[in-house]
Amino acid sequence: DAGVTQSPTHLIKTRGQQVTLRCSPKSGHDTVSWYQQALGQGPQFIFQYYEEEERQRGNFPDRFSGHQFPNYSSELNVNALLLGDSALYLCASSLMGGSGQETQYFGPGTRLLVL
Amino acid sequence: GENVEQHPSTLSVQEGDSAVIKCTYSDSASNYFPWYKQELGKRPQLIIDIRSNVGEKKDQRIAVTLNKTAKHFSLHITETQPEDSAVYFCAASKGGTYKYIFGTGTRLKVLA
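In this report, the structure presented in the accompanying data block is examined. (Residues numbered from 1 in each chain as written. Chains lettered and ligands numbered in written order. Predicted model: local features only at pLDDT ≥ 70, side-chain atom pairs only at ≥ 80, totals over all residues. Heavy atoms only, no water.)

Our focus in this paragraph is the sheet that holds strand β1 (residues 5-7) of chain A. All names here are of chain A. A sheet is described by the order of its strands in space; here 4 strands give the open sequence β1-β3-β8-β7, paired in antiparallel fashion. The open sheet has two edge strands, β1 and β7 (64-68), and neither has a second partner. Averaged over all pairs of adjacent strands, the angle between their axes in this sheet comes to 20 degrees, without regard to strand direction. With 3 bridges joining them, β1 and strand β3 (residues 19-24) adopt antiparallel strand pairing. Its bridge partner lying in β3, S7 is registered against R22. (Pairing = 2+ DSSP bridges. Helix = DSSP H or I, 4+ residues; strand = E, 2+ residues; numbered from the N terminus. Axes fitted to C-alpha atoms, helices over the stretch in contact; angles between N-to-C directions.)

With that settled, consider the state of the cysteines. Residue and element names in this part refer to chain B. Per the stated rule, a full pass over the model turns up 2 disulfides over all chains. One disulfide bridge connects C23 with C90, the sulfur atoms lying 2.0 Å from each other. A torsion of -100 degrees about the S-S bond marks the disulfide between C23 and C90 as left-handed. Of this pair, C23 sits in strand β3 (residues 19-25) while C90 sits in strand β9 (residues 86-92), and the two are 67 residues apart along the sequence. (Disulfide = S-S within 2.5 Å.)

Residue and element names in this part refer to chain B. With respect to the helices and strands, N3 occurs in the segment before β1 (4-7). In the structure, N3 is positioned 53 residues away from E56 in sequence and 22 Å away in space, judged by C-alpha atoms. Non-local contacts of N3, meaning those with residues more than four positions away in its chain, are made with T24, Y25, S26 and I101. (Contact = heavy atoms within 4.5 Å.)

Time to look at the nonpolar core. Ranked by size, the top nonpolar core spans 25 residues in total, and within it W35, F73, L75, Y88 and L108 of chain B carry the most contacts. Sorting the residues of this core by element identifies β2 (10-14), β3, β4 (32-38), β5 (45-51), β7 (62-67), β8 (72-77), β9 and β11 (106-111) of chain B as the ones contributing at least two each. If we skip the residues at most four places from it in the chain, L108 of chain B touches L11, V13, A19, I77, D84, S85, A86 and Y88 of chain B. Core analysis: the second largest hydrophobic core is formed by 20 residues, F60, Y89, L112 and V114 of chain A among them. (Core = buried A, V, L, I, M, F, W, Y, C linked by side-chain atoms within 4.5 Å. Buried < 20%, exposed > 50% of the residue type's maximum accessible area, 1.4 Å probe, protein only.)

Below, the structure written as structure tokens:
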């Protein structure tokens, strides 16, 4: 039973560039959430995708966008990168139930460094 | 707005002692409270969770308690071992939303 996978593991970009991060959910899961974890901080919710639509969004600018594919995998895109976007980007998958009590399982993350 | 406060930020205990980490949430509608352990450079791993209809849950050396009236929940680790050393995060979520609100983390060091 495959867990949550993410690619790439590490990425170095320069300011102003664009980046795409990828996530494959745990087998049997249909929902993908993205979080940003700055060094020494807890994960911050970016957005969640279910049925190929963005269900909810955190306090992140429109430079952050995403997509979910029919196979439930997902991408996170960040445009016009800023130095402050440097962080660990975590993908979490779950099975949509609607109660708010669904357990989310995290991938290993993509560490993004913006120079 | 929604907020989860977590204390302490760092905690050092001797091997074999107990460790307690406390979290307070602001949204009374929160109904699910997971705890994650994150070792350096690794993904957050779920270690235990509790739902709002339960006051306490235990899994071997780990237990979580929930006080809905006070909006507090706590993680208890007994007989700590060096491999328990990590950063622990609490989180809260509620029905109708899909996001976890995380605490700021507690760095636990178990001294051999």
